[in-house]
Amino acid sequence: MRKLLKEPLLHFLVLGALLFAGYEVMNRRGEPEAGRIVVTQGQIDNLRASFSRVWQHPPTPSEMDGLIQDYIREEVLAREAMTLGLDRDDTVIRRRLRQKMEFIANDLSAPVEPGETELEAFLAKHLDLFLVEPRFTFRQVYLNAGQRGDVLQRDATRLLAELNQPGAKADYQTLGDATMLNPELTDVPAGEITRQFGEKFTRQLEQLPTGRWHGPVISGYGAHLVLVEDRTPGRMPKLAEVREQVAREWADACRREDNEKFYQKLLKHYSVTIEGASSGAHANILAAQAK
(Lines give C-alpha, C1' and ligand atoms only; values in the text may rest on other atoms or scores of the structure.)
Protein backbone atom coordinates (compact mmCIF):
# COMPACT_ATOMS: atom_id res chain seq x y z
CA MET A 1 0.00 0.00 0.00
CA ARG A 2 2.85 2.39 0.85
CA LYS A 3 4.43 1.72 -2.56
CA LEU A 4 1.08 2.32 -4.27
CA LEU A 5 0.64 5.67 -2.51
CA LYS A 6 4.03 6.80 -3.86
CA GLU A 7 3.12 6.00 -7.49
CA PRO A 8 3.21 9.19 -9.66
CA LEU A 9 0.38 7.83 -11.83
CA LEU A 10 -1.90 7.53 -8.76
CA HIS A 11 -1.09 11.14 -7.85
CA PHE A 12 -1.92 12.23 -11.38
CA LEU A 13 -5.23 10.33 -11.46
CA VAL A 14 -6.30 11.80 -8.11
CA LEU A 15 -5.31 15.28 -9.28
CA GLY A 16 -7.17 14.73 -12.57
CA ALA A 17 -10.28 13.56 -10.75
CA LEU A 18 -10.23 16.65 -8.54
CA LEU A 19 -9.77 18.95 -11.52
CA PHE A 20 -12.57 17.20 -13.41
CA ALA A 21 -14.91 17.43 -10.42
CA GLY A 22 -14.11 21.11 -10.03
CA TYR A 23 -14.69 21.69 -13.72
CA GLU A 24 -18.08 19.96 -13.54
CA VAL A 25 -19.12 22.09 -10.56
CA MET A 26 -18.06 25.29 -12.31
CA ASN A 27 -19.82 24.19 -15.48
CA ARG A 28 -23.08 23.52 -13.68
CA ARG A 29 -22.90 26.90 -12.01
CA GLY A 30 -22.24 28.60 -15.34
CA GLU A 31 -24.97 26.89 -17.36
CA PRO A 32 -27.87 29.24 -16.42
CA GLU A 33 -25.78 32.24 -17.54
CA ALA A 34 -23.99 30.93 -20.61
CA GLY A 35 -21.55 33.39 -22.15
CA ARG A 36 -21.00 35.28 -18.90
CA ILE A 37 -17.46 36.55 -18.21
CA VAL A 38 -16.56 37.35 -14.61
CA VAL A 39 -13.33 39.24 -13.93
CA THR A 40 -12.56 38.24 -10.35
CA GLN A 41 -10.67 40.30 -7.83
CA GLY A 42 -7.91 37.70 -7.92
CA GLN A 43 -7.49 38.15 -11.66
CA ILE A 44 -7.40 41.93 -11.25
CA ASP A 45 -4.70 41.55 -8.58
CA ASN A 46 -2.70 39.31 -10.94
CA LEU A 47 -2.97 41.86 -13.76
CA ARG A 48 -1.79 44.62 -11.42
CA ALA A 49 1.12 42.52 -10.11
CA SER A 50 2.26 41.52 -13.61
CA PHE A 51 2.19 45.15 -14.78
CA SER A 52 4.17 46.27 -11.71
CA ARG A 53 6.79 43.57 -12.27
CA VAL A 54 7.39 44.65 -15.86
CA TRP A 55 7.16 48.45 -15.50
CA GLN A 56 8.44 48.81 -11.93
CA HIS A 57 5.43 50.84 -10.82
CA PRO A 58 1.74 50.09 -10.18
CA PRO A 59 -0.69 50.86 -13.01
CA THR A 60 -2.61 54.12 -13.00
CA PRO A 61 -6.43 53.88 -12.97
CA SER A 62 -6.55 54.34 -16.74
CA GLU A 63 -3.80 51.75 -17.26
CA MET A 64 -5.69 49.35 -15.00
CA ASP A 65 -8.84 49.86 -17.09
CA GLY A 66 -6.80 49.08 -20.21
CA LEU A 67 -5.46 45.87 -18.65
CA ILE A 68 -8.94 44.69 -17.73
CA GLN A 69 -10.31 45.54 -21.17
CA ASP A 70 -7.46 43.60 -22.78
CA TYR A 71 -8.14 40.62 -20.50
CA ILE A 72 -11.83 40.64 -21.50
CA ARG A 73 -10.86 40.86 -25.18
CA GLU A 74 -8.51 37.91 -24.78
CA GLU A 75 -11.19 35.88 -22.95
CA VAL A 76 -13.83 36.58 -25.61
CA LEU A 77 -11.54 35.74 -28.53
CA ALA A 78 -10.12 32.65 -26.80
CA ARG A 79 -13.59 31.26 -26.09
CA GLU A 80 -14.77 31.94 -29.63
CA ALA A 81 -11.64 30.31 -31.05
CA MET A 82 -12.24 27.16 -28.99
CA THR A 83 -15.90 27.13 -30.05
CA LEU A 84 -14.72 27.11 -33.67
CA GLY A 85 -12.26 24.32 -32.85
CA LEU A 86 -9.21 26.45 -33.63
CA ASP A 87 -7.37 24.93 -30.69
CA ARG A 88 -7.43 21.49 -32.33
CA ASP A 89 -4.51 20.31 -34.51
CA ASP A 90 -2.52 23.43 -33.61
CA THR A 91 1.15 22.55 -33.19
CA VAL A 92 1.91 25.42 -30.82
CA ILE A 93 -1.04 24.60 -28.56
CA ARG A 94 -0.23 20.87 -28.60
CA ARG A 95 3.36 21.58 -27.58
CA ARG A 96 2.19 23.85 -24.79
CA LEU A 97 -0.23 21.18 -23.50
CA ARG A 98 2.56 18.59 -23.63
CA GLN A 99 4.80 20.97 -21.70
CA LYS A 100 2.13 21.43 -19.02
CA MET A 101 1.75 17.66 -18.65
CA GLU A 102 5.51 17.32 -18.28
CA PHE A 103 5.44 20.05 -15.61
CA ILE A 104 2.79 18.04 -13.75
CA ALA A 105 4.94 14.90 -14.03
CA ASN A 106 7.93 16.82 -12.65
CA ASP A 107 5.86 18.08 -9.73
CA LEU A 108 4.67 14.54 -8.95
CA SER A 109 8.24 13.24 -8.95
CA ALA A 110 9.00 13.64 -5.25
CA PRO A 111 12.61 14.76 -4.63
CA VAL A 112 14.72 12.23 -2.74
CA GLU A 113 18.02 13.03 -1.07
CA PRO A 114 20.68 10.69 -2.48
CA GLY A 115 23.10 8.86 -0.20
CA GLU A 116 26.85 8.50 -0.67
CA THR A 117 26.41 5.03 -2.19
CA GLU A 118 24.02 6.29 -4.89
CA LEU A 119 26.29 9.21 -5.74
CA GLU A 120 29.44 7.08 -5.88
CA ALA A 121 27.69 4.60 -8.20
CA PHE A 122 26.35 7.39 -10.42
CA LEU A 123 29.79 8.99 -10.62
CA ALA A 124 31.41 5.69 -11.62
CA LYS A 125 28.71 5.00 -14.24
CA HIS A 126 28.91 8.43 -15.91
CA LEU A 127 32.63 9.12 -16.11
CA ASP A 128 32.22 11.26 -19.22
CA LEU A 129 30.13 13.82 -17.32
CA PHE A 130 32.64 14.43 -14.53
CA LEU A 131 36.07 13.54 -15.92
CA VAL A 132 38.60 16.30 -15.24
CA GLU A 133 39.97 17.28 -18.64
CA PRO A 134 43.68 17.26 -19.53
CA ARG A 135 45.19 20.74 -19.37
CA PHE A 136 47.99 22.24 -21.47
CA THR A 137 50.43 25.09 -21.30
CA PHE A 138 51.97 25.75 -24.71
CA ARG A 139 53.30 28.33 -27.16
CA GLN A 140 52.54 28.44 -30.86
CA VAL A 141 53.87 30.09 -34.01
CA TYR A 142 51.30 30.37 -36.78
CA LEU A 143 52.15 29.59 -40.41
CA ASN A 144 49.61 30.57 -43.06
CA ALA A 145 49.38 27.50 -45.29
CA GLY A 146 47.49 29.40 -47.98
CA GLN A 147 50.14 32.07 -48.32
CA ARG A 148 53.19 29.79 -48.02
CA GLY A 149 51.87 27.07 -50.31
CA ASP A 150 54.55 24.58 -51.41
CA VAL A 151 57.28 26.11 -49.23
CA LEU A 152 55.35 25.59 -45.97
CA GLN A 153 57.26 22.45 -44.96
CA ARG A 154 60.61 24.02 -45.86
CA ASP A 155 59.83 27.16 -43.83
CA ALA A 156 58.66 25.06 -40.88
CA THR A 157 61.86 23.03 -40.89
CA ARG A 158 63.99 26.20 -40.98
CA LEU A 159 62.07 27.86 -38.15
CA LEU A 160 62.12 24.71 -36.00
CA ALA A 161 65.91 24.53 -36.35
CA GLU A 162 66.16 28.17 -35.28
CA LEU A 163 63.80 27.77 -32.30
CA ASN A 164 65.36 24.52 -31.03
CA GLN A 165 68.95 25.71 -31.31
CA PRO A 166 70.75 25.47 -27.94
CA GLY A 167 70.70 28.89 -26.31
CA ALA A 168 68.38 30.21 -29.03
CA LYS A 169 67.48 33.85 -28.47
CA ALA A 170 64.92 34.17 -31.25
CA ASP A 171 61.67 35.78 -30.08
CA TYR A 172 59.08 33.25 -31.17
CA GLN A 173 56.35 35.93 -31.14
CA THR A 174 58.07 37.76 -34.01
CA LEU A 175 58.25 34.63 -36.16
CA GLY A 176 55.56 33.20 -38.38
CA ASP A 177 52.55 34.97 -39.92
CA ALA A 178 50.13 37.52 -38.54
CA THR A 179 47.19 36.07 -36.60
CA MET A 180 44.68 37.00 -33.89
CA LEU A 181 45.43 33.74 -32.07
CA ASN A 182 47.10 33.97 -28.67
CA PRO A 183 50.78 32.96 -29.01
CA GLU A 184 50.87 31.51 -25.47
CA LEU A 185 48.15 29.63 -23.60
CA THR A 186 48.55 28.69 -19.94
CA ASP A 187 46.83 25.80 -18.14
CA VAL A 188 44.01 25.59 -20.70
CA PRO A 189 41.58 22.60 -20.64
CA ALA A 190 41.49 20.33 -23.68
CA GLY A 191 37.90 21.28 -24.46
CA GLU A 192 38.76 24.95 -24.77
CA ILE A 193 41.71 24.16 -27.05
CA THR A 194 39.42 22.05 -29.24
CA ARG A 195 36.95 24.93 -29.50
CA GLN A 196 39.73 27.29 -30.61
CA PHE A 197 41.96 25.09 -32.76
CA GLY A 198 39.93 21.97 -33.56
CA GLU A 199 39.90 18.36 -32.38
CA LYS A 200 42.75 17.28 -34.65
CA PHE A 201 45.05 19.93 -33.13
CA THR A 202 44.21 18.79 -29.58
CA ARG A 203 44.89 15.14 -30.40
CA GLN A 204 48.31 16.06 -31.79
CA LEU A 205 49.02 18.20 -28.73
CA GLU A 206 48.43 15.16 -26.49
CA GLN A 207 51.21 13.25 -28.28
CA LEU A 208 53.94 15.89 -28.47
CA PRO A 209 56.93 15.62 -26.11
CA THR A 210 57.33 18.61 -23.80
CA GLY A 211 60.19 21.10 -23.78
CA ARG A 212 60.90 21.23 -27.51
CA TRP A 213 59.32 22.88 -30.55
CA HIS A 214 57.48 20.56 -32.98
CA GLY A 215 55.46 20.90 -36.13
CA PRO A 216 53.86 21.67 -38.30
CA VAL A 217 50.77 20.87 -36.21
CA ILE A 218 47.59 21.31 -38.24
CA SER A 219 44.51 23.21 -37.00
CA GLY A 220 41.43 24.69 -38.57
CA TYR A 221 43.42 27.88 -39.20
CA GLY A 222 46.44 26.35 -40.88
CA ALA A 223 49.80 25.12 -39.53
CA HIS A 224 51.56 25.83 -36.24
CA LEU A 225 54.92 25.25 -34.64
CA VAL A 226 54.19 24.23 -31.06
CA LEU A 227 56.17 24.08 -27.81
CA VAL A 228 54.32 22.15 -25.08
CA GLU A 229 55.69 23.42 -21.78
CA ASP A 230 53.42 21.50 -19.42
CA ARG A 231 50.66 18.89 -19.66
CA THR A 232 48.36 17.70 -16.86
CA PRO A 233 46.65 14.39 -17.66
CA GLY A 234 42.90 14.01 -17.33
CA ARG A 235 41.66 12.16 -14.25
CA MET A 236 38.64 10.88 -12.43
CA PRO A 237 37.73 13.30 -9.61
CA LYS A 238 36.90 12.30 -6.04
CA LEU A 239 33.23 12.59 -5.12
CA ALA A 240 34.04 15.35 -2.61
CA GLU A 241 35.35 17.52 -5.49
CA VAL A 242 32.19 17.32 -7.59
CA ARG A 243 29.50 16.27 -5.10
CA GLU A 244 27.14 19.14 -5.91
CA GLN A 245 27.39 18.52 -9.66
CA VAL A 246 26.91 14.76 -9.23
CA ALA A 247 23.87 15.29 -6.99
CA ARG A 248 22.34 17.65 -9.57
CA GLU A 249 22.91 15.22 -12.45
CA TRP A 250 21.62 12.32 -10.33
CA ALA A 251 18.41 14.23 -9.55
CA ASP A 252 17.95 15.09 -13.24
CA ALA A 253 18.42 11.44 -14.22
CA CYS A 254 15.90 10.31 -11.60
CA ARG A 255 13.40 12.89 -12.83
CA ARG A 256 13.82 11.78 -16.43
CA GLU A 257 13.38 8.15 -15.38
CA ASP A 258 10.21 8.98 -13.39
CA ASN A 259 8.84 10.99 -16.32
CA GLU A 260 9.47 8.09 -18.70
CA LYS A 261 7.70 5.66 -16.34
CA PHE A 262 4.81 8.12 -16.07
CA TYR A 263 4.57 8.39 -19.87
CA GLN A 264 4.81 4.62 -20.40
CA LYS A 265 1.93 4.03 -17.96
CA LEU A 266 -0.19 6.59 -19.78
CA LEU A 267 0.78 5.09 -23.13
CA LYS A 268 -0.65 1.70 -22.08
CA HIS A 269 -4.13 3.26 -22.20
CA TYR A 270 -3.76 3.81 -25.96
CA SER A 271 -3.63 1.59 -29.00
CA VAL A 272 -1.17 3.11 -31.46
CA THR A 273 -1.34 2.46 -35.20
CA ILE A 274 1.35 3.76 -37.55
CA GLU A 275 0.47 3.51 -41.21
CA GLY A 276 3.13 1.61 -43.12
CA ALA A 277 4.52 -0.11 -40.04
CA SER A 278 3.21 -3.47 -41.28
CA SER A 279 5.78 -3.37 -44.09
CA GLY A 280 8.64 -2.99 -41.64
CA ALA A 281 8.93 0.80 -41.44
CA HIS A 282 8.65 2.16 -37.88
CA ALA A 283 8.21 -1.39 -36.57
CA ASN A 284 10.72 -0.69 -33.80
CA ILE A 285 8.40 1.96 -32.34
CA LEU A 286 5.49 -0.49 -32.11
CA ALA A 287 7.80 -3.16 -30.70
CA ALA A 288 8.91 -0.76 -27.96
CA GLN A 289 5.29 0.06 -27.13
CA ALA A 290 4.40 -3.63 -26.83
CA LYS A 291 6.98 -4.22 -24.07
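The following refers to the structure shown. (Residues numbered from 1 in each chain as written. Predicted model: local features only at pLDDT ≥ 70, side-chain atom pairs only at ≥ 80, totals over all residues. Heavy atoms only, no water.)

**A closer look at the sheet that holds strand 2 (residues 184–189)**
The strands making up a sheet associate through backbone hydrogen bonding, with each pair oriented either parallel or antiparallel.
In step 1: Spatial strand order, 2-1-4-3: four strands in an open sheet with antiparallel pairing. The outermost strands of the open sheet, each flanked by one partner alone, are strand 2 and strand 3 (213–218). Strand-to-strand, the axes of this sheet are offset by a mean angle of 40°, without reference to chain direction.
In step 2: Relative to strand 4 (residues 223–232), strand 3 is paired through four bridges, and the arrangement is antiparallel. (Pairing = 2+ DSSP bridges. Helix = DSSP H or I, 4+ residues; strand = E, 2+ residues; numbered from the N terminus. Axes fitted to C-alpha atoms, helices over the stretch in contact; angles between N-to-C directions.)

**Side note on the nonpolar core**
In step 1: Phe138, Ile193, Phe197, Phe201, Leu205 and Val226 are the most contacted members of the largest nonpolar core, which totals 14 residues.
In step 2: Elements that contribute at least two residues to this core include exactly strand 1 (135–143), strand 2, helix 10 (190–197), helix 11 (199–207) and strand 4.
In step 3: Top contributing element to this core by residue count: helix 10, with three residues.
In step 4: With 13 residues, the next largest nonpolar core counts Leu143, Leu152, Leu159 and Leu225 among its residues. (Core = buried A, V, L, I, M, F, W, Y, C linked by side-chain atoms within 4.5 Å. Buried < 20%, exposed > 50% of the residue type's maximum accessible area, 1.4 Å probe, protein only.)

**Some remarks on the pattern of salt bridges**
In step 1: This structure, assessed with the given rule, holds 14 salt bridges.
In step 2: In this structure, Asp177 engages Arg148 in a salt bridge whose closest nitrogen and oxygen atoms are separated by 2.9 Å. Of this pair, Asp177 sits in the loop between helix 9 (152–163) and strand 2 while Arg148 is found in helix 8 (residues 145–148), placing the two residues 29 residues apart along the sequence.
In step 3: Linked through salt bridges whose partners overlap, the residues forming this network are Arg148, Arg154, Asp155 and Asp177. (Salt bridge = Lys/Arg side-chain N within 4 Å of Asp/Glu carboxyl O.)

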